[in-house]
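The residues making up each chain are set out below.
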Amino acid sequence: MSAVFRLTDSTLRDGSHALSHQFTVDQVRAVVRGLDAAGVPVIEVSHGDGLGGSSFNYGFSGTDEMHLLAAAVDEAEHAKIAVLLLPGIGIKEDLIRAHAVGATVARIATHCTEADISQQHIGLAKELGMEAVGFLMMSHMTPPEALLEEAKKMESYGADCVYVVDSAGAMTIDDARRRVATLKDHLECQVGIHAHNNLSLAVANSLAALEEGVDQVDGCTTGLGAGAGNCPTEVLVAACERSGYQTGVEPMSLVDVADDVVRPLKPTQGVIDGDGLMLGYAGVYGSFLLHARRAAERHGVDSKEILLELGRRQVVGGQEDMIIDVAVELERRAAEAQASQL
Amino acid sequence: MAVPCAIVGSGNIGTDLMFKLLRSDVLDLRAVIGIDPDSEGLRMARERGLVGTPEGVDWLFGDDAGDIAIVFEATSAWVHRQNAPRYEEAGIRAIDLTPAKLGPAVVPTVNLDEHLDAPNVNMITCGGQATTPIVAAVRSVTDVPYAEIVSTVASKSAGPGTRQNIDEFTKTTSSCLVEVGGADHGKAIMILNPAEPPILMRNTVFCALPEGYDPDAVTDAILAMEKAVAAYVPGYHLTSPPVFDEGPFATPGGPAAARVITLIEVEGAADYFPPYAGNLDIMTAAATKVGEAVARHLMEVPA
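Residues numbered from 1 in each chain as written. Chains lettered and ligands numbered in written order. Predicted model: local features only at pLDDT ≥ 70, side-chain atom pairs only at ≥ 80, totals over all residues. Heavy atoms only, no water.

J.: Is there a simple way to think about the overall build of chain A in this case?
T.: Counting secondary structure elements, chain A contains 14 helices and eight strands. For a compact globule of 342 residues, the expected C-alpha radius of gyration is about 20 Å, and chain A comes in at 19 Å, within 12% of that figure. Considering only C-alpha atoms, chain A reaches an extent of 70 × 45 × 45 Å along its principal axes. Counting only residues that meet the buried cut, chain A has 62% of its 342 residues in that class. Taking contacts inside chain A between residues at least 6 apart in sequence as the whole, the part at least 24 apart equals 77%. With the model as given, the accessible surface of chain A reaches about 11,800 Å², and the carbon-plus-sulfur share is 50%. (Helix = DSSP H or I, 4+ residues; strand = E, 2+ residues; numbered from the N terminus. Rg over C-alpha atoms; globule rule 2.2 N^0.38 Å. Buried < 20%, exposed > 50% of the residue type's maximum accessible area, 1.4 Å probe, protein only. Contact = heavy atoms within 4.5 Å. Areas by Shrake-Rupley, 256 points an atom, 1.4 Å probe, with all protein chains shown as cover.)

J.: Which parts of the structure should I look at to understand the nonpolar core?
T.: The biggest cluster of nonpolar side chains holds 73 residues, and the ones touching the most others in it are B:Ile7, B:Met18, B:Ile70, B:Phe72, B:Ile95 and B:Tyr236. Among the elements that make up this core, the one with the highest residue count is helix H9 (residues 278-300) of chain B (nine residues). In this structure, B:Met18 is in contact with B:Ile7, B:Leu29, B:Val32, B:Met44, B:Ala45, B:Arg48 and B:Leu50, ignoring residues within four places of it in sequence. Core analysis: the second largest hydrophobic core is formed by 72 residues, A:Leu19, A:Met130, A:Leu187 and A:Cys240 among them. (Core = buried A, V, L, I, M, F, W, Y, C linked by side-chain atoms within 4.5 Å.)

J.: Help me understand the interface of chain B and chain A in this model?
T.: A common way to state how big an interface is: give the accessible area lost once the parts meet. Between chain B and chain A, the contact holds 40 residues from the first and 37 residues from the second. Between chain B and chain A, roughly 3,000 Å² of surface is buried when both sides are summed, and carbon and sulfur atoms account for 55% of that area. Taken together, the connections running from chain B to chain A amount to five salt bridges. Residues A:Glu93 and B:Lys171 are paired through a salt bridge, measuring 2.9 Å at the closest nitrogen-oxygen approach. Counting every contact that joins chain B to chain A gives 20 residue pairs in polar contact (both at pLDDT 80 or more). Counting only elements with at least two residues in the side of chain B that touches chain A, the list comes to strand E7 (147-154), helix H6 (160-164), helix H7 (166-179), strand E8 (186-193), strand E9 (201-209), strand E11 (243-251) and strand E12 (254-266) of chain B. If one sorts the elements of the side of chain B that touches chain A by residue count, E8(B) sits on top with seven residues. Along the lines of polarity and charge, the residues of the side of chain B that touches chain A split into 19 nonpolar, ten polar and eleven charged. (Buried area = accessible area lost by both parts, 1.4 Å probe. Salt bridge = Lys/Arg side-chain N within 4 Å of Asp/Glu carboxyl O. Polar contact = N/O pair within 3.5 Å; in protein donor to acceptor, adjacent residues only side chain to side chain. Nonpolar A, V, L, I, M, F, W, Y, C, P; charged D, E, K, R; others polar.)

J.: How should I be thinking about a negative patch on the surface in this particular structure?
T.: Residue and element names in this part refer to chain A. Judged by side-chain charge, Glu-241, Glu-250, Asp-256, Asp-259 and Asp-260 come together as a negatively charged surface patch. Sort the elements by how many residues they give to the negative patch and helix H10 (residues 251-262) lands first, with three residues. One can find Asp-259 in helix H10. Note on Asp-259: relative accessible area 47%, which makes it partly exposed. (Patch = residues over 30% accessible without salt bridge, like charges linked within 9 Å, V, L, I, M, F, W, Y side chains within 5 Å. Lys, Arg positive; Asp, Glu negative; His and termini not counted. Charge placed at Lys NZ, Arg CZ, Asp CG, Glu CD.)

J.: I tried to follow the sheet that holds strand E3 (residues 80-85) of chain A on my own but got confused; where do I start?
T.: Neighbouring strands of a sheet are bound in pairs by backbone hydrogen bonds; such pairs are parallel or else antiparallel. Residue and element names in this part refer to chain A. Reading around the circumference, E1-E2-E3-E4-E5-E6-E7-E8 is the order of the eight strands in this closed barrel, with parallel pairing throughout. When the angles between neighbouring strand axes are averaged without regard to direction, this sheet yields 25°. Here three bridges tie strand E2 (residues 42-45) to E3, and the two strands are oriented parallel to one another. Bridge assignment links Val-42 to a residue of E3, and that residue is Lys-80. Along the sheet, helix H4 (residues 92-101) contacts E3 and strand E4 (105-111); its crossing angle with E3, the most-contacted strand, is approximately 170°. (Pairing = 2+ DSSP bridges. Axes fitted to C-alpha atoms, helices over the stretch in contact; angles between N-to-C directions.)

J.: Hey, could you run me through the state of the cysteines in this one?
T.: Two cysteines, two sulfur atoms, one covalent bond between them: this is a disulfide. Residue and element names in this part refer to chain A. Counted according to the given criterion, the structure contains zero disulfides over all chains. Sulfur of Cys-220: no disulfide; nearest cysteine sulfur belongs to Cys-231 and is 8.7 Å away. Of the residues examined, Cys-220 reaches a relative accessible area of 0% and is grouped as buried. (Disulfide = S-S within 2.5 Å.)

J.: What is the right way to read unusual backbone geometry from this model?
T.: Trans is the prevailing form of peptide bonds, just as negative phi is the prevailing case for residues other than glycine. All names here are of chain B. With an omega dihedral of -5°, the bond running from Glu-196 to Pro-197 counts as a cis peptide bond. Tracing the backbone through its elements, the reader meets Pro-197 in the loop between E8 and E9. Following Gly-247, the chain continues to Pro-248 via a peptide bond in cis, the omega torsion being 5°. With respect to the element layout, Pro-248 can be found in strand E11. One non-glycine residue with positive phi stands out, namely Lys-101, at about 50°. Of note, Lys-101 is situated in the loop between strand E5 (93-96) and helix H4 (108-111).

Below you can see the structure in the form of C-alpha cells.
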C-alpha cells in the first residue's frame, strides 16, 4: 500500500549535532545503506547547521560534508538525498556544489518570521531542478496565522513543501496541530512537520500533524539529533502502523538499523536529561545543548542557567555565540556575588 | 574651509547620514538627492536648508549642482553600478554605502589613509565595519590563520536590500576579513533576530591563534581597537574582556592552538534610526569618517 505521507530521515544532518559534526564516510554509508533498504524515501545529509555550517560557532566538520554527501549519493539506490541550507550561514555556491554531487532535495531554513531571506535560495533550487522545501525554524515562537504568512512567502518563491519546524522541541500537541492545520487549510503546496523530543512529544506531535493531513514528516533514527533528540524514525513508523497510517517503510528493518548502526554511535540517545528538558521548557534552539555544556564547563557555571537565560533573551537559531556571552556574564555575576560576601 | 558634498539616496541610510554630515567641519553637505517627491528624507533635508531634490542623480550633473566634489551613495548596489561611471567622469569622488564593492574596501581604523586617491571606495557591510577592526587588531600582534564573525541584527533594522542579498553580505564581509583584516581565511555569518523590543546589534569575532601567541598583547590590541572605533561610533563596546579558549581547533586555515573571542555590542547614536539599529549607525558613522579624510586630502592636494 502506498504511504500517506513522505518520510525524511535526518539522522545524517540533525544527528550531526549529537556527534559534534564528526560523522565519517563509513558511518554515512552504513546509515544510508540501512535506511535505503528499509524503504526510507528521503535521507538528509549536511553539517548539522546546514551546508557551510562548519565553523567555530557551530563546530568544525570532521569530514567535509561534500565527501559525506557523495558517499550518501553513491550508497542510495532508491532514496533521494536532501541537503539543508540556512541563508546567512550557507551560500548559493554551497547548494550548487551539493547539487553537482547529487543532492536532489534542497531544504531552505529560516527563522519562522524571516522567510524573505530564502527567496534567492529557493529560487536557485528550482532553477537547478531540485525539489525545494521551506523550513520555518522555531515555529513555536510565532502564532499560527503569522506563521502562515511566512509559509505563503516560501510558497510564492517556489517551495514544493513548507515545514513547521519545532527546533526547540517546545510545542505542545495543540501547538503543533494548530500550526499544521492552519498551513494545510491555506497553502496549495505540501506541508511538513519536523519535531524534537525535549518535552517527550515528538511522536505525539507528528501523529497530531498526520491527523491534520500533513504531507511530509521528519525523523532521525534513534532520535539522534539536536537537544534531547528528534522524532525517532523507527518509533514513528511503528506508531504510525499501529495508528493505521501507511508509511511505505518496513518497521523491523528500521529497528535493526537503529539498534545495529545508529545506536552504537550514541548509546545515551533518547534520555531527556535536565539540559534537554530545559530546551523545550525555555524554548531554546536544540543544537545549543552541547555548546552550552562546553561553555558551562569552561566558565564554571550551570548549563541549565545558561539555557534559561538564552530563552529569556529570545535568541534564535544560529546565535550559538550568545552562549559564550551568557556564560561569561553568569561567571562574572557569580564572582561579584562571591566578592560581596567577603 | 569645507568640501561640498551630496548624498544620493533619501531613504533611511541617506537620512541618518545627513545628520552626521551636517555636524562635520570639513564636509559641506549641500544636497540630498532622491527620486520620490514625497520622500520624508527630502523633506527633512529641505527643512535644514539643503537642496532636497527628487530629480534623481541627473541633478548632480546639471547647472544647479555647483562644485560638488564628494558624493555618498546610499541607494542600492544596482543603482550605484549605473551611477559610478558618471561620478568618475565628472571627477566626483564616490563613497559607496551599497554592497556594489566597485572600489577598495575601507575600514576607518584600519586602512583609512590607503585609498585617499581612489575615485570610488566601498564601506563593505555593517558587519564588516564592526568586526574587521578586531581582526586587524589581533593581526597586528600575531598571525591570524582564520577569522570568523557572527553578526546579529534586529529584524526591524534589516531592509529588503539586505534580506534579498544575504549571500552578498556574507561573502563581502568574509573577503573583507582577509583583504582588510589580514586573516588568512575568513567566514562571516549573518543572523536576523525578531525579538521585541528589538535587540542591539551584536557581533562576535573568533580569531584563530597560532602556537606561542601572547594573550596580553592580543587583549591590549583588542581593547585599544575598541577605543579607536568608539571614537566615531560611541555605542561600540565589548560586553566582556576578550575570551581565550585553548584548542587545538581544526580551522580552514589549518590547526590553531587557541582562539580569542571578542563579543561586541553596537548601540546606535539614534541620529535618525532608533538605538537598536547600531548596524546602520556604524555604516553612516564610518562613511562620515572616510568622507572627512577624503575631504582633508582634497583640501591639502591642489587639484
